[in-house]
Amino acid sequence: MSLAKRATAEFLGTFWLVFGGCGSAVLAAAFPSLGIGFAGVALAFGLTVLTMAYAIGHISGCHLNPAISVGLVAGKRFPAGELLPYVIAQVVGAIAAAGVLYVIASGRSGFDLQGGFASNGYGAHSPGGYSLLACFVAEAVLTMFFLLVIMGATDKRAPAGFAPIAIGLCLTLIHLVSIPVTNTSVNPARSTGPAIFVGGWAVSQLWLFWVAPIVGGALGGVVYSAIFGTEEAEVAPALKKAKSA
């Protein structure tokens, strides 16, 4: 599959993640009496990844996230030369999704972008008032473990066909933990889309939601590769030999 087609898949997949995940937060989370709440938003984000992993995982790998792409480069699972086109496609997809979501959300009287528009923030703009340090640590650690799950679930030694389920449930868990802390990013593209429309504080705080997830993603890739990567070379030949026996 050409790089252009894979980048297009990343654009569409990231669009779906931001539209579905942030859309659930903006349109459905606090709907009077019937709102889906934090748990519903967490599940929505997990479902976007799960569904897209089955739809485009075989095409682009379904990264949908610059921090994941960086982590996979660090973990020697993805070529560094293709990183920039993937990141551009992911960010453009996120911005496009936020634009469509804005058109829909602004169709309701009383809509106000300063309500947050699912933007990520720290300090006064953290849902629970968490400090910059707390938000940085949460984003970095959760992204690191997200990478560990992704690399483990897609390892050649893992059961085939179940990776999207593990990855989708992992993202759901991440949101259940951290929505009160940062509104949950672990994804620079997801943070960039809404922030562009909110402007002001959302853009000024956007740096953290690029730096922390990328640091966490790189750590996750390096840790998995360093601890488990060498075993793969030893186990794979043994498995092949056993199958041929």
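For the structure itself, look to the data block above.
Residues numbered from 1 in each chain as written. Predicted model: local features only at pLDDT ≥ 70, side-chain atom pairs only at ≥ 80, totals over all residues. Heavy atoms only, no water.

Undergrad: Which parts of the structure should I look at to understand the nonpolar core?
TA: The tendency in soluble globular proteins is for nonpolar side chains to be buried side by side. In this structure, Phe117, Phe146 and Ile167 are the most contacted members of the largest nonpolar core, which totals 47 residues. Top element by residues in this core is helix 4 (residues 83–105). It accounts for 8 residues. Apart from the residues within four sequence positions on either side, isoleucine 167 is in contact with Val49, Phe146, Ile150, Ala153 and Thr154. If you look at the next biggest cluster of nonpolar residues, it comprises 7 residues, including Cys135, Ala138, Leu208 and Ala212. (Core = buried A, V, L, I, M, F, W, Y, C linked by side-chain atoms within 4.5 Å. Buried < 20%, exposed > 50% of the residue type's maximum accessible area, 1.4 Å probe, protein only. Helix = DSSP H or I, 4+ residues; strand = E, 2+ residues; numbered from the N terminus. Contact = heavy atoms within 4.5 Å.)

Undergrad: When you look at the packing of helix 2 (residues 37–60) against helix 6 (residues 163–182) in this model, what are you seeing that I'm missing?
TA: Helix packing for two helices is described by the angle between their axes and how far apart those axes are. Axis separation between helix 2 and helix 6 bottoms out at 8 Å; the angle between their running directions is 155°. Comparing their axes, helix 6 and helix 2 come out roughly antiparallel. Here the hand of the crossing between helix 2 and helix 6 comes out right-handed. Only Pro164, Ile165, Ile167, Gly168, Leu171, Thr172, His175, Leu176, Ile179 and Pro180 of helix 6 make contact with helix 2, whose side of the interface consists of Phe38, Ala39, Val41, Ala42, Leu43, Phe45, Gly46, Val49, Leu50, Ala53 and Tyr54. (Axes fitted to C-alpha atoms, helices over the stretch in contact; angles between N-to-C directions. Parallel < 35°, antiparallel > 145°, perpendicular 65-115°, else oblique. Left-handed = near helix turned anticlockwise from the far one by under 90°.)

Undergrad: Sorry if this is basic, but what is going on with the packing of aromatic side chains here?
TA: The geometry of an aromatic ring pair is captured by the separation of the ring centres together with the interplanar angle, meaning the angle of the planes. For the structure shown, the criterion picks out 9 aromatic pairs. A centroid spacing of 6.4 Å and a plane angle of 85° characterise the contact between tyrosine 102 and phenylalanine 117, whose relative ring orientation is edge-to-face. On the criterion of sequence distance, the pair formed by tyrosine 102 in helix 4 and phenylalanine 117 in the loop between helix 4 and helix 5 (132–153) is long-range, its members being 15 residues apart. Take phenylalanine 117: its relative accessible area is 5%, and that puts it in the buried class. Each member of the aromatic cluster is reached from another via a ring pair, and the members are Tyr102, Phe111, Phe117 and Phe197. (Phe/Tyr/Trp six-rings, centres within 6.5 Å; stacked < 30°, edge-to-face > 60°.)

Undergrad: What is the right way to read the environment of methionine 151 from this model?
TA: Turning to its location among the elements, methionine 151 is positioned in helix 5. In this structure methionine 151 comes out as buried when scored by relative accessible area, which is 0%. Sequence-wise, methionine 151 and phenylalanine 228 are 77 residues apart; in three dimensions their C-alpha atoms are separated by 9.8 Å. Residues contacting methionine 151, with those up to four places away along its chain left out, are Leu72, Gly75, Arg77, Gly220, Gly221 and Tyr224.

Undergrad: Even after reading the chapter, I still don't get unusual backbone geometry, so can you show me in this structure?
TA: A negative phi angle is the norm for most residues apart from glycine, just as the trans form is the norm for most peptide bonds. The backbone phi angle of lysine 76 is positive, close to 65°, even though this residue is not glycine. Assignment of secondary structure puts lysine 76 in the loop between helix 3 (66–74) and helix 4. You will see that asparagine 183, though not glycine, has its phi angle at about 75°, which is positive. Tracing the chain through its elements places asparagine 183 in the loop between helix 6 and helix 7 (188–198).

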